[in-house]
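Overview (structure and organization)
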Amino acid sequence: MRIIIGNWKMNKTGREAVKLVSALKKRKLGNEVVLCPPFTSLFLVSKELKNSKIKLGAQNMHYAEDGAFTGEISPRMLKELNCKYVILGHSERRIHFSETDDIINRKVHTALEKKIRPVLCIGENLKERKIGRAKSVVKKQLQNCLRDVKKKDISYFVIAYEPVWAIGTGKTAKPEQVQEMHSFIREFLLKMFGNAARNVRIVYGGSVTPKNIKDLISMKDIDGALVGGASLKADSFAKIVQFF
Ligand code: PGA
């Protein structure tokens, strides 16, 4: 089943979050829809989503269960709030908070252990694309972040291909560019994990809007979207969801 994930990033207070969720609940949203509000709104949104088909996700988490990690949030805390998904390795975490593939790999293993589905983000920056290294960068990220993941666990993942140059810039990647990368990712996963990788959902993220989603979703290997800016308004997010 296709999946659409709204990544609210550092936007919305608790009150604003509840307002947005109640507006979304009034729309007809098919497919699997996941909302990832900031940590401070998870509790309120979780309550608001009771009896709704919309699922809850977090934007990040620590790899340890508890402990002396000031300012961090543990997987156990997310579980208690009914978070089914967690975004890991978002490029903004890599760029602004120095998250490395190794840290992301540790988080991936914790998420699997705790049965929270990882939405693993990968993607090249503009320079890497320009010099023709996009695929090798993505391959390396996959190899590192999925290190020691067992074959049986791979279908649990959502892989989000998010070219850094397309995030929040209004420069969406062309559907053909995305398709080419998604099929490369699929091939790689099949080689690494065998047939189980057929069920992995590979979604695209980077300036997705109600206008460009139609062409993106017509591509064979695009199984959904990770939506930032356009997920902050009920109208635009519902329009995107309706295309799937
Ligand atoms: P954007 O963000 O849709 O605002 O480009 C996507 C993301 O970073 O997940």
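Residues numbered from 1 in each chain as written. Predicted model: local features only at pLDDT ≥ 70, side-chain atom pairs only at ≥ 80, totals over all residues. Heavy atoms only, no water.

**Let's talk about the packing of helix H1 (residues 14-25) against helix H2 (residues 39-48)**
Keep this limit in mind: Here an axis means a line fitted to C-alpha atoms, over the contact stretch when the element is a helix, while the angle between two N-to-C directions is reported on a 0 to 180 degree scale. What counts as a helix is a DSSP run of H or I of at least four residues, what counts as a strand is a run of E of at least two, and both are numbered from the N terminus. Roughly parallel refers to an angle under 35 degrees, roughly antiparallel to one over 145, roughly perpendicular to one between 65 and 115, and oblique to any angle outside these ranges. Left-handed describes a crossing whose near helix is turned anticlockwise from the far helix through less than a right angle; right-handed describes the clockwise counterpart. We call two residues in contact when some of their heavy atoms are within 4.5 Å. Ten residues, namely Ala, Val, Leu, Ile, Met, Phe, Trp, Tyr, Cys and Pro, are considered nonpolar, four, namely Asp, Glu, Lys and Arg, are considered charged, and the remaining ones, Gly among them, are considered polar.
Close contact between H1 and H2 brings their axes to 9 Å; oriented N to C, the two are set at 25 degrees. In terms of axis orientation, H1 runs roughly parallel to H2. For the pair H1 and H2, the sense of crossing is right-handed. Contacts from Gly-14, Ala-17, Val-18, Val-21, Ser-22 and Lys-25 of H1 reach H2 at Ser-41, Leu-44, Val-45 and Glu-48. Residues belonging to the contact of H1 with H2 are distributed by class as follows: 5 nonpolar, 3 polar and 2 charged.

**Observations regarding the packing of aromatic side chains**
Applicable threshold: When the centres of two rings from Phe, Tyr and Trp lie within 6.5 Å, Trp using its six-membered ring, the rings pair. Their planes under 30 degrees apart give stacked, over 60 give edge-to-face, and anything left gives tilted. Only protein chains enter the calculation, and the probe is 1.4 Å; a residue is then buried if its accessible area is under 20% of its type maximum, exposed if over 50%, and partly exposed in between.
Tallied over the entire structure, the rule returns 1 aromatic pair. Between the aromatic rings of Tyr-161 and Tyr-204, the centroid separation amounts to 6.5 Å while the plane-to-plane angle is 55 degrees, which identifies the pairing as tilted. Within this pair, whereas Tyr-161 is found in strand S6 (residues 158-161), its partner Tyr-204 is found in strand S7 (residues 201-205), the two being separated by 43 residues in sequence. You can call Tyr-161 buried: its relative accessible area is 1%.

**Digging into the packing of helix H7 (residues 134-145) against helix H8 (residues 175-193)**
Packed helices, taken two at a time, are described by their axes: the angle between them and the distance between them. The contact between H7 and H8 brings their axes to 11 Å, and the two run at 40 degrees. Between H7 and H8, the crossing angle belongs to the class labelled oblique. Both H7 and H8 take part in a crossing whose hand is right-handed. Together, Ala-134, Lys-135, Val-138, Lys-139, Leu-142 and Gln-143 of H7 and Glu-180, Met-181, Phe-184, Ile-185, Phe-188 and Met-192 of H8 make up the contact between the two elements.

**Structural notes on the side chain of His-182**
Assignment of secondary structure puts His-182 in helix H8. Sequence-distant contacts of His-182, that is, excluding residues within four places in its chain, are made with Tyr-161, Ile-202, Val-203, Tyr-204, Asp-221 and Ile-222.

**Some points on the pattern of salt bridges**
Here is the rule: A pair is scored as a salt bridge if a Lys or Arg side-chain nitrogen falls within 4 Å of a carboxyl oxygen belonging to Asp or Glu.
Enumeration according to the criterion identifies 18 salt bridges in this entry. A salt bridge links Glu-32 to Lys-55; its shortest N-O distance comes to 2.8 Å. With a gap of 23 residues between them, Glu-32 in strand S2 (residues 32-36) and Lys-55 in strand S3 (residues 55-58) connect regions that are remote in the sequence. Classification of Glu-32 by relative accessible area gives buried; the value is 8%. Among the salt bridges present, the one from Lys-152 reaches Asp-153, with a minimum N-O distance of 3.3 Å.

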